[in-house]
Amino acid sequence: MKYIFNPSFKSFEIQIRNCVNNFDKQGILFGDGQRNKIKIFNLEDKTVNIKSFKIPNIINQVAYKYFRKSKARRSFEYANKLITNGIRTPQPIAYAENFKVSGLENSFYISEHLLAELTFRELVQNPDYPDHENILRQFTQFTFDLHQKGIEFLDHSPGNTLIEKGIEGNYNFYLVDLNRMNFHSVMDFDSRMKNFNRLTPKTEMLAVMSDEYAKLYDKKYDEVFAKMCFYTNDFQTKFHRKMARKKKLLFWR
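(A) Focus on the overall build of the chain. Each helix and strand counted, the chain has eight helices and eleven strands in total. In summary, the chain has a C-alpha radius of gyration of 20 Å against a globular reference of 18 Å for 253 residues, a match within 12%. For the chain, the spread of C-alpha atoms along the three principal axes comes to 55 × 55 × 35 Å. Expressed as a percentage of its 253 residues, the buried residues of the chain come to 45%. Put simply, 62% of the contacts in the chain that link residues at least 6 apart link residues at least 24 apart. By element, 50% of the accessible surface of the chain is carried by carbon and sulfur atoms, the whole surface being about 14,200 Å².

The following block contains the structure:
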(Lines give C-alpha, C1' and ligand atoms only; values in the text may rest on other atoms or scores of the structure.)
Protein backbone atom coordinates (compact mmCIF):
# COMPACT_ATOMS: atom_id res chain seq x y z
CA MET A 1 0.00 0.00 0.00
CA LYS A 2 1.45 3.35 -1.09
CA TYR A 3 0.66 6.38 1.13
CA ILE A 4 1.00 10.10 0.46
CA PHE A 5 0.52 12.34 3.52
CA ASN A 6 -0.23 15.99 4.06
CA PRO A 7 2.96 17.13 5.86
CA SER A 8 0.83 18.73 8.61
CA PHE A 9 -0.49 15.27 9.55
CA LYS A 10 2.73 13.24 9.36
CA SER A 11 2.60 12.69 13.13
CA PHE A 12 -0.59 10.63 12.60
CA GLU A 13 0.99 8.31 10.03
CA ILE A 14 1.16 5.18 12.20
CA GLN A 15 -2.43 5.60 13.43
CA ILE A 16 -3.75 6.28 9.92
CA ARG A 17 -2.00 3.23 8.49
CA ASN A 18 -3.48 1.14 11.29
CA CYS A 19 -6.99 2.46 10.55
CA VAL A 20 -6.66 1.65 6.83
CA ASN A 21 -5.23 -1.82 7.54
CA ASN A 22 -8.18 -2.54 9.86
CA PHE A 23 -10.80 -0.69 7.84
CA ASP A 24 -13.13 -3.71 7.51
CA LYS A 25 -13.08 -4.49 11.25
CA GLN A 26 -12.95 -1.07 12.90
CA GLY A 27 -14.48 2.38 12.59
CA ILE A 28 -18.09 3.59 12.47
CA LEU A 29 -19.89 3.32 9.12
CA PHE A 30 -21.00 6.72 7.79
CA GLY A 31 -23.79 6.67 5.20
CA ASP A 32 -25.23 3.61 3.47
CA GLY A 33 -21.94 2.28 2.02
CA GLN A 34 -23.67 1.03 -1.13
CA ARG A 35 -21.00 2.19 -3.58
CA ASN A 36 -17.99 3.57 -1.77
CA LYS A 37 -17.70 2.93 1.95
CA ILE A 38 -16.94 5.72 4.45
CA LYS A 39 -15.94 5.09 8.05
CA ILE A 40 -15.24 7.44 10.95
CA PHE A 41 -12.27 6.96 13.29
CA ASN A 42 -11.26 8.89 16.40
CA LEU A 43 -7.58 9.80 16.62
CA GLU A 44 -6.65 11.65 19.80
CA ASP A 45 -8.54 14.97 19.55
CA LYS A 46 -9.46 14.55 15.86
CA THR A 47 -12.25 12.73 14.04
CA VAL A 48 -11.03 11.25 10.78
CA ASN A 49 -13.09 10.31 7.73
CA ILE A 50 -11.73 7.43 5.61
CA LYS A 51 -13.32 6.73 2.24
CA SER A 52 -12.69 3.34 0.69
CA PHE A 53 -13.38 3.42 -3.04
CA LYS A 54 -15.09 0.52 -4.73
CA ILE A 55 -12.64 -1.87 -6.43
CA PRO A 56 -12.69 -0.84 -10.13
CA ASN A 57 -13.42 -3.21 -12.97
CA ILE A 58 -10.47 -4.83 -14.73
CA ILE A 59 -10.26 -2.16 -17.46
CA ASN A 60 -10.18 0.68 -14.93
CA GLN A 61 -7.70 -1.21 -12.75
CA VAL A 62 -5.25 -1.00 -15.63
CA ALA A 63 -6.25 2.58 -16.50
CA TYR A 64 -5.68 3.77 -12.91
CA LYS A 65 -2.27 2.11 -12.85
CA TYR A 66 -0.91 3.46 -16.12
CA PHE A 67 -3.07 6.25 -17.57
CA ARG A 68 -5.26 8.00 -14.99
CA LYS A 69 -4.97 9.16 -11.42
CA SER A 70 -7.04 7.15 -8.94
CA LYS A 71 -10.15 8.66 -7.35
CA ALA A 72 -8.34 8.73 -4.01
CA ARG A 73 -5.38 10.62 -5.43
CA ARG A 74 -7.62 13.08 -7.30
CA SER A 75 -9.66 13.70 -4.13
CA PHE A 76 -6.48 14.51 -2.18
CA GLU A 77 -4.95 16.71 -4.88
CA TYR A 78 -8.20 18.53 -5.64
CA ALA A 79 -8.78 19.19 -1.92
CA ASN A 80 -5.39 20.84 -1.69
CA LYS A 81 -6.08 22.83 -4.85
CA LEU A 82 -9.44 24.03 -3.48
CA ILE A 83 -7.83 25.18 -0.24
CA THR A 84 -5.12 27.02 -2.20
CA ASN A 85 -7.94 28.80 -4.06
CA GLY A 86 -9.70 29.79 -0.84
CA ILE A 87 -12.50 27.19 -1.18
CA ARG A 88 -13.43 25.25 1.93
CA THR A 89 -13.30 21.45 2.09
CA PRO A 90 -12.55 19.12 5.02
CA GLN A 91 -8.79 19.14 5.61
CA PRO A 92 -7.05 16.51 3.43
CA ILE A 93 -4.82 14.17 5.46
CA ALA A 94 -3.61 11.46 3.08
CA TYR A 95 -4.46 9.00 0.35
CA ALA A 96 -3.47 5.36 -0.06
CA GLU A 97 -3.32 3.11 -3.11
CA ASN A 98 -2.87 -0.66 -3.30
CA PHE A 99 -1.53 -1.74 -6.70
CA LYS A 100 -1.41 -5.37 -7.81
CA VAL A 101 0.11 -6.81 -11.00
CA SER A 102 -3.26 -6.41 -12.74
CA GLY A 103 -3.59 -2.76 -11.69
CA LEU A 104 -5.20 -0.71 -8.92
CA GLU A 105 -7.15 -2.71 -6.35
CA ASN A 106 -7.95 -0.72 -3.18
CA SER A 107 -7.67 3.02 -2.66
CA PHE A 108 -8.53 5.27 0.27
CA TYR A 109 -8.94 9.00 0.81
CA ILE A 110 -8.43 10.26 4.37
CA SER A 111 -9.63 13.67 5.59
CA GLU A 112 -10.81 15.37 8.74
CA HIS A 113 -14.47 14.68 9.47
CA LEU A 114 -16.66 17.77 9.52
CA LEU A 115 -19.91 17.83 11.47
CA ALA A 116 -22.01 20.38 9.61
CA GLU A 117 -25.52 21.58 10.42
CA LEU A 118 -26.95 20.65 7.03
CA THR A 119 -26.32 19.96 3.36
CA PHE A 120 -28.00 21.54 0.34
CA ARG A 121 -30.37 18.55 0.35
CA GLU A 122 -32.18 19.87 3.46
CA LEU A 123 -32.97 23.09 1.57
CA VAL A 124 -34.53 21.04 -1.24
CA GLN A 125 -36.53 18.81 1.09
CA ASN A 126 -37.68 21.49 3.53
CA PRO A 127 -38.73 24.83 1.99
CA ASP A 128 -39.51 26.07 5.53
CA TYR A 129 -35.98 25.48 6.78
CA PRO A 130 -34.97 28.50 8.93
CA ASP A 131 -33.26 31.27 6.95
CA HIS A 132 -33.88 29.28 3.76
CA GLU A 133 -33.60 32.11 1.23
CA ASN A 134 -30.55 33.66 2.86
CA ILE A 135 -28.72 30.31 2.82
CA LEU A 136 -29.72 29.75 -0.80
CA ARG A 137 -28.44 33.17 -1.85
CA GLN A 138 -25.15 32.66 0.00
CA PHE A 139 -24.81 29.22 -1.60
CA THR A 140 -25.23 30.90 -5.00
CA GLN A 141 -22.51 33.40 -4.07
CA PHE A 142 -20.29 30.48 -3.11
CA THR A 143 -20.95 28.77 -6.47
CA PHE A 144 -20.29 32.03 -8.32
CA ASP A 145 -16.94 32.27 -6.52
CA LEU A 146 -16.10 28.73 -7.72
CA HIS A 147 -16.93 29.72 -11.29
CA GLN A 148 -14.95 32.94 -11.11
CA LYS A 149 -11.94 30.87 -10.06
CA GLY A 150 -12.50 28.48 -12.98
CA ILE A 151 -13.55 25.55 -10.78
CA GLU A 152 -16.17 23.26 -12.31
CA PHE A 153 -17.32 20.84 -9.61
CA LEU A 154 -18.85 18.04 -11.69
CA ASP A 155 -20.59 16.44 -8.69
CA HIS A 156 -22.27 19.69 -7.61
CA SER A 157 -25.28 17.81 -6.21
CA PRO A 158 -27.45 18.18 -3.07
CA GLY A 159 -25.38 15.97 -0.75
CA ASN A 160 -21.95 17.26 -1.71
CA THR A 161 -21.97 20.69 -0.08
CA LEU A 162 -21.83 20.78 3.71
CA ILE A 163 -23.22 23.96 5.25
CA GLU A 164 -22.00 25.35 8.56
CA LYS A 165 -23.62 28.29 10.32
CA GLY A 166 -21.18 31.10 10.97
CA ILE A 167 -21.77 34.38 12.79
CA GLU A 168 -24.18 37.24 12.11
CA GLY A 169 -26.25 35.34 9.54
CA ASN A 170 -23.26 34.13 7.52
CA TYR A 171 -22.73 30.53 6.39
CA ASN A 172 -19.66 28.51 5.42
CA PHE A 173 -19.81 26.01 2.56
CA TYR A 174 -17.56 22.94 2.24
CA LEU A 175 -17.27 20.72 -0.83
CA VAL A 176 -17.01 16.95 -0.42
CA ASP A 177 -16.80 14.00 -2.84
CA LEU A 178 -14.09 15.72 -4.81
CA ASN A 179 -12.76 13.26 -7.38
CA ARG A 180 -14.54 14.80 -10.40
CA MET A 181 -13.53 18.38 -11.19
CA ASN A 182 -12.38 20.50 -14.10
CA PHE A 183 -10.21 23.56 -13.72
CA HIS A 184 -10.51 26.30 -16.34
CA SER A 185 -8.87 29.63 -16.97
CA VAL A 186 -12.37 31.02 -17.68
CA MET A 187 -15.83 29.44 -17.43
CA ASP A 188 -18.38 30.52 -20.04
CA PHE A 189 -22.02 31.30 -19.29
CA ASP A 190 -23.41 27.94 -20.43
CA SER A 191 -20.87 25.96 -18.37
CA ARG A 192 -21.81 28.01 -15.31
CA MET A 193 -25.54 27.43 -15.75
CA LYS A 194 -25.11 23.73 -16.50
CA ASN A 195 -23.22 23.38 -13.22
CA PHE A 196 -26.51 24.02 -11.36
CA ASN A 197 -28.39 21.23 -13.15
CA ARG A 198 -28.16 18.52 -10.44
CA LEU A 199 -29.08 20.64 -7.43
CA THR A 200 -32.87 20.94 -7.42
CA PRO A 201 -35.86 20.52 -9.73
CA LYS A 202 -37.78 23.16 -7.76
CA THR A 203 -38.54 26.21 -9.89
CA GLU A 204 -38.85 28.50 -6.87
CA MET A 205 -35.31 27.63 -5.77
CA LEU A 206 -33.96 28.09 -9.28
CA ALA A 207 -35.65 31.50 -9.35
CA VAL A 208 -33.83 32.63 -6.18
CA MET A 209 -30.49 31.30 -7.39
CA SER A 210 -30.99 32.90 -10.81
CA ASP A 211 -31.82 36.25 -9.23
CA GLU A 212 -28.68 36.17 -7.07
CA TYR A 213 -26.41 34.90 -9.87
CA ALA A 214 -27.72 37.50 -12.33
CA LYS A 215 -26.75 40.28 -9.90
CA LEU A 216 -23.26 38.85 -9.42
CA TYR A 217 -22.66 38.10 -13.12
CA ASP A 218 -24.21 41.34 -14.40
CA LYS A 219 -26.63 39.42 -16.58
CA LYS A 220 -30.38 39.78 -17.06
CA TYR A 221 -32.41 37.65 -14.64
CA ASP A 222 -34.65 36.24 -17.42
CA GLU A 223 -31.63 35.02 -19.36
CA VAL A 224 -30.06 33.36 -16.30
CA PHE A 225 -33.32 31.78 -15.18
CA ALA A 226 -34.16 30.43 -18.65
CA LYS A 227 -30.72 28.86 -19.07
CA MET A 228 -30.62 27.41 -15.55
CA CYS A 229 -34.08 25.88 -16.03
CA PHE A 230 -33.10 24.48 -19.44
CA TYR A 231 -30.11 22.56 -18.09
CA THR A 232 -31.99 21.45 -14.97
CA ASN A 233 -34.94 20.13 -17.00
CA ASP A 234 -32.57 18.39 -19.41
CA PHE A 235 -30.81 16.64 -16.52
CA GLN A 236 -34.11 15.64 -14.86
CA THR A 237 -35.44 14.19 -18.14
CA LYS A 238 -32.30 12.10 -18.68
CA PHE A 239 -32.22 11.03 -15.03
CA HIS A 240 -35.84 9.79 -15.03
CA ARG A 241 -35.32 7.95 -18.33
CA LYS A 242 -32.29 6.21 -16.84
CA MET A 243 -34.27 5.23 -13.72
CA ALA A 244 -37.12 3.89 -15.90
CA ARG A 245 -34.66 1.75 -17.90
CA LYS A 246 -33.19 0.35 -14.68
CA LYS A 247 -36.66 -0.56 -13.39
CA LYS A 248 -37.44 -2.36 -16.66
CA LEU A 249 -34.23 -4.37 -16.48
CA LEU A 250 -34.94 -5.33 -12.86
CA PHE A 251 -38.49 -6.34 -13.78
CA TRP A 252 -37.36 -8.65 -16.62
CA ARG A 253 -34.78 -10.29 -14.39
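Let's pick the thread back up.
(B) How the structure looks around a nonpolar patch on the surface. On the surface, a nonpolar cluster with roughly 360 Å² of combined accessible area is contributed by Val62, Tyr66 and Phe67. Along the chain, Val62 turns up in helix H2 (residues 58-66). On the basis of relative accessibility, which here comes to 31%, the residue Val62 falls in the partly exposed class.

(C) The arrangement of helix H7 (residues 203-217) in detail. Under the 1.5 Å per step criterion, the end-to-end length of H7 is 20 Å for 15 residues, consistent within 8% with the ideal 21 Å. Every buried residue belonging to H7 is among Met205, Leu206, Val208, Met209, Ser210, Glu212, Tyr213 and Ala214, and all of these are buried. Asp218 lies just past H7 and shows a positive phi near 55 degrees.

(D) Focus on the pairing of strand E6 (residues 103-112). For E6, the buried fraction is high: seven of the ten residues fall into the buried class. By the bridge criterion, five bridges tie strand E4 (residues 46-52) to E6 in an arrangement that is antiparallel. Considered in E6, the bridge of Ser52 is made with Phe108. Sheet analysis places strand E5 (residues 92-100) next to E6, joined by eight bridges and oriented antiparallel. In the strand pairing of E6, Glu97 is matched with Ser107. Hairpin connection, E5 to E6: the antiparallel pair is bridged by two residues.

Conventions used here
The numbers attached to residues start from 1 for each chain and follow its sequence in the written order. The predicted origin of the model limits local features to residues at a pLDDT of at least 70 and limits the giving and counting of side-chain atom pairs to 80 or more, whereas totals for whole chains, interfaces and linings rest on all residues. Heavy atoms throughout the structure, all of them, feed into the side-chain values; hydrogens and water do not. Counting from the N terminus, the helices are the DSSP runs of H or I reaching at least four residues and the strands are the DSSP runs of E reaching at least two. For a compact globule the rule gives 2.2 Å times the number of residues to the power 0.38, and the radius of gyration it is set against comes from C-alpha atoms. Each residue is assigned to one of three classes by its accessible area relative to the maximum for its type, calculated with a 1.4 Å probe on protein chains only: buried under 20%, partly exposed between the two thresholds, exposed over 50%. Contacts are residue-level and defined by heavy atoms, with any inter-residue pair within 4.5 Å sufficient. In this description, accessible areas are obtained by the Shrake-Rupley approach with a 1.4 Å probe, and a residue is regarded as covered only by the protein chains that are shown. For patches, a residue must show more than 30% relative accessible area and have no salt bridge; joins then use 9 Å for like charges and 5 Å for nonpolar side chains, namely Val, Leu, Ile, Met, Phe, Trp and Tyr. One side-chain nitrogen of Lys or Arg within 4 Å of one carboxyl oxygen of Asp or Glu is enough to make a salt bridge. Given the number of residues in a helix, its expected span is that number minus one, multiplied by 1.5 Å. By this definition, two strands are paired if DSSP reports at least two bridges between them.

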